[in-house]
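# Structural overview
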Amino acid sequence: MNGRVLVTGGAGFIGSHIAEAYLRDGWEVAVLDDLSRGQQSNVPKGARFVRADIRSPEARETVATGRFDVLNHHAAQIDVRVSVDRPAFDSHTNVVGFVNLLEGAGEGGVKRRRGLRRSHHDPHPGNRTQAPDFPLWREQACR
Ligand SMILES: NC(=O)c1ccc[n+]([C@@H]2O[C@H](COP(=O)([O-])OP(=O)(O)OC[C@H]3O[C@@H](n4cnc5c(N)ncnc54)[C@H](O)[C@@H]3O)[C@@H](O)[C@H]2O)c1
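Report follows, based on the coordinates. (Residues numbered from 1 in each chain as written. Predicted model: local features only at pLDDT ≥ 70, side-chain atom pairs only at ≥ 80, totals over all residues. Heavy atoms only, no water.)

### Considering the nonpolar core
- Counting 14 residues, the largest nonpolar core has Leu6, Leu32, Val63, Leu71, Leu101 and Val110 as its most contacted members.
- Secondary structure elements with two or more residues in this core: strand 2 (28-33), helix 2 (57-65) and helix 4 (87-108).
- Not counting chain neighbours up to four residues away, the residues in contact with Val63 comprise Leu6, Phe68, Leu101, Gly104, Ala105, Gly108 and Val110.
- Membership of the second largest hydrophobic core comes to twelve residues, among which are Ala11, Ala19, Val29 and Val31. (Core = buried A, V, L, I, M, F, W, Y, C linked by side-chain atoms within 4.5 Å. Buried < 20%, exposed > 50% of the residue type's maximum accessible area, 1.4 Å probe, protein only. Helix = DSSP H or I, 4+ residues; strand = E, 2+ residues; numbered from the N terminus. Contact = heavy atoms within 4.5 Å.)

Pasting the structure below:
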């Protein structure tokens, strides 16, 4: 399958490689990143770049109106020191920002949502065998 994909965090390490792989496979790729850590030079040639914070109305609007088939989410606050020192900021980015994108995806009819959710903060990943009882999370966890 190919189509239109939005890769968040696509100016960062993981997201830029994911965006590149989609382009190689013939997808139409847009990257959304606020460049708080990433660099625009990491965004692969051929991808459209949108500079926005995932917590913002602009980001939600981008997802909602982009006619994307897939939302592939890798924008995150990844610094564990920041998550310890500023837990509210960390949660706002990694939880509220993610939900903001999911709401946009719901509005825009995005078919699939993917990402490395909670991958760096989960102290017991082996215990997470069941997804929370929330349809979007369940859908994502099942893919
Ligand atoms: N690098 C690894 O080895 C590794 C391993 C496992 C999981 N992960 C997970 O992959 C994801 C990406 O990690 P990474 O190593 O590529 O980090 P990274 O810092 O290189 O990339 C994250 C990107 O998100 C962007 N970003 C941060 N806050 C944002 C916001 N509010 N709005 C929009 N963009 C924002 C940054 O500018 C950056 O470009 C994270 O969830 C991380 O936990 C990474």
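### Re the pattern of salt bridges
- Taken as a whole, this structure holds six salt bridges when the rule is applied.
- In this structure, Lys111 engages Asp69 in a salt bridge whose closest nitrogen and oxygen atoms are separated by 2.7 Å. Within this pair, whereas Lys111 is found in the loop between helix 4 and strand 5 (112-115), its partner Asp69 is found in the loop between helix 2 and strand 4 (70-73), the two being separated by 42 residues in sequence.
- Judged by relative accessible area, Lys111 falls into the exposed class, the value being 52%.
- Residue classification places Asp69 among the buried positions, given a relative accessible area of 14%.
- Between Asp79 and Arg81 there is a salt bridge, with the nearest N and O atoms lying 3.0 Å from each other.
- Judged by its relative accessible area of 16%, Asp79 falls in the buried class.
- Judged by its relative accessible area of 62%, Arg81 is exposed.
- Residues joined in a network through salt bridges with shared partners are Arg60, Glu103 and Glu107. (Salt bridge = Lys/Arg side-chain N within 4 Å of Asp/Glu carboxyl O.)

### Topic: helix 2
- Listed in full, the buried residues belonging to helix 2 are Ala59, Thr62, Val63 and Ala64.
- Buried residues along helix 2 sit against strand 1 (4-8), strand 2, strand 3 (48-51) and helix 4.
- Once helix 2 finishes, Arg67 follows within two positions and takes phi at roughly 55°, a positive value.

### Things to note about a nonpolar patch on the surface
- On the surface, Val95, Val96 and Val99 cluster together into a nonpolar patch covering about 210 Å² of accessible area.
- Assignment of secondary structure puts Val95 in helix 4.
- Overall, Val95 belongs to the partly exposed group, its relative accessible area being 47%. (Patch = residues over 30% accessible without salt bridge, like charges linked within 9 Å, V, L, I, M, F, W, Y side chains within 5 Å. Areas by Shrake-Rupley, 256 points an atom, 1.4 Å probe, with all protein chains shown as cover.)

### Comments concerning the side chain of Asp69
- At 2.7 Å, the side chain of Asp69 forms a polar contact with the backbone nitrogen of Arg4.
- Polar contacts involving the side chain of Asp69 include one to the side chain of Lys111, which spans 2.7 Å. (Polar contact = N/O pair within 3.5 Å; in protein donor to acceptor, adjacent residues only side chain to side chain.)

Just distances and angles here, no functional claims.
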